[in-house]
Amino acid sequence: MEKACRDCHKMVESGKAMCTCGSNSMSTDWSGYVMIIDAKESEIAKKLEIKKAGKYALKVR
Ligand SMILES: [Zn+2]
């Protein structure tokens with residue numbers, strides 16, 4: 001099961017203990033995800049304050 005970072009909402013591979021943002025606060029209780037290709041051109045990225053491309057959870061609890 002993939003985990004999502006509570007700080008930046010990025011999806012983190014199950015084997016990894018730390019997110020690329022440096023946070024180790026992760027949750028398996030998330031719902032929905034988006035693929036951000038170009039963070040600068042994406043409205044969803046702006047809304048979620050995402051600055052880098054990647055896969056992000058919409059909601060993390
Ligand atoms: Zn993160």
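These notes cover the structure that comes with them. Bear in mind that the values here come from a model prediction, so they are computed numbers and not experimental data. Here, residues in each chain are numbered from 1, in the same order as that chain's written sequence. Local features in this predicted model are restricted to residues whose pLDDT is 70 or higher, and side-chain atom pairs enter the listing and the counts only when it is 80 or higher, whereas totals over whole chains, interfaces and linings include all residues. Hydrogen atoms and water are omitted, and side-chain values are computed over all heavy atoms in the structure.

The patches described consist of residues with a relative accessible area above 30% and no salt bridge, like charges being joined within 9 Å and nonpolar side chains (Val, Leu, Ile, Met, Phe, Trp, Tyr) within 5 Å. Here the accessible surface of atoms and residues is derived via Shrake-Rupley with a 1.4 Å probe, and residues count as covered only by protein chains that are part of the display. Any Lys or Arg side-chain nitrogen located within 4 Å of an Asp or Glu carboxyl oxygen qualifies as a salt bridge. A surface patch of nonpolar side chains, amounting to about 370 Å² of accessible area, comprises Tyr33, Met35 and Ile37. Helix numbers and strand numbers start at the N terminus; a helix is a DSSP run of H or I with at least 4 residues, a strand a run of E with at least 2. Along the chain, Tyr33 turns up in strand E4 (residues 30-36). Given a relative accessible area of 45%, Tyr33 falls into the partly exposed group. Only protein chains enter the accessibility calculation, which uses a 1.4 Å probe; a residue whose area is less than 20% of its type maximum is buried, one above 50% is exposed, and one in between is partly exposed.

Attention now moves to the sheet that holds strand E1 (residues 3-5). Taken in spatial order, the 3 strands make up an open sheet running E2-E1-E3, and their pairing is antiparallel. Whereas interior strands pair on both sides, the edge strands pair on one side only; in this sheet they are strand E2 (11-12) and strand E3 (26-27). Each pair of strands is called paired provided DSSP finds at least two bridges between the two strands.

Of the protein atoms, only Cys5 (SG), Cys8 (SG), Cys19 (SG) and Cys21 (SG) coordinate the zinc ion, at distances of 2.2 to 2.3 Å. Keep in mind that water is not among the atoms, so a site may look incomplete; donors are the N, O and S atoms within 2.8 Å of the metal, or 3.2 Å for Na, K and Ca. Angular criteria define each label, namely tetrahedral for four donors with all angles between 85 and 135 degrees, square planar for four and octahedral for six donors with opposite donors over 155 degrees apart and remaining angles between 65 and 115, and irregular for whatever fails these tests. In this structure, the zinc ion is coordinated by 4 donor atoms arranged in tetrahedral fashion, with angles at the metal of 104 to 115 degrees. Site description for the zinc ion: donor spacing in sequence, C-x2-C-x10-C-x1-C. With Cys5 in strand E1 and Cys19 in the loop between E2 and E3, this residue pair connects regions lying 14 residues apart in the sequence. Taken as a pair, Cys5 and Cys19 share a single burial class, namely buried.

Moving on, we come to the pattern of salt bridges. The final tally for this structure, using the stated rule, is 4 salt bridges. Residues Glu13 and Lys16 are paired through a salt bridge, measuring 3.6 Å at the closest nitrogen-oxygen approach.

Here His9, not a glycine, exhibits a phi torsion of approximately 70 degrees, which is positive. Within the secondary structure, His9 sits in the loop between E1 and E2. Notably, Glu49 is not glycine yet its phi reads approximately 60 degrees, a positive angle. Take Glu49: it is sitting in the loop between helix H1 (43-48) and strand E5 (54-60). On the accessibility criterion, Glu49 (65% relative accessible area) is exposed.

Without other data, these values stay purely geometric and don't point to any function.
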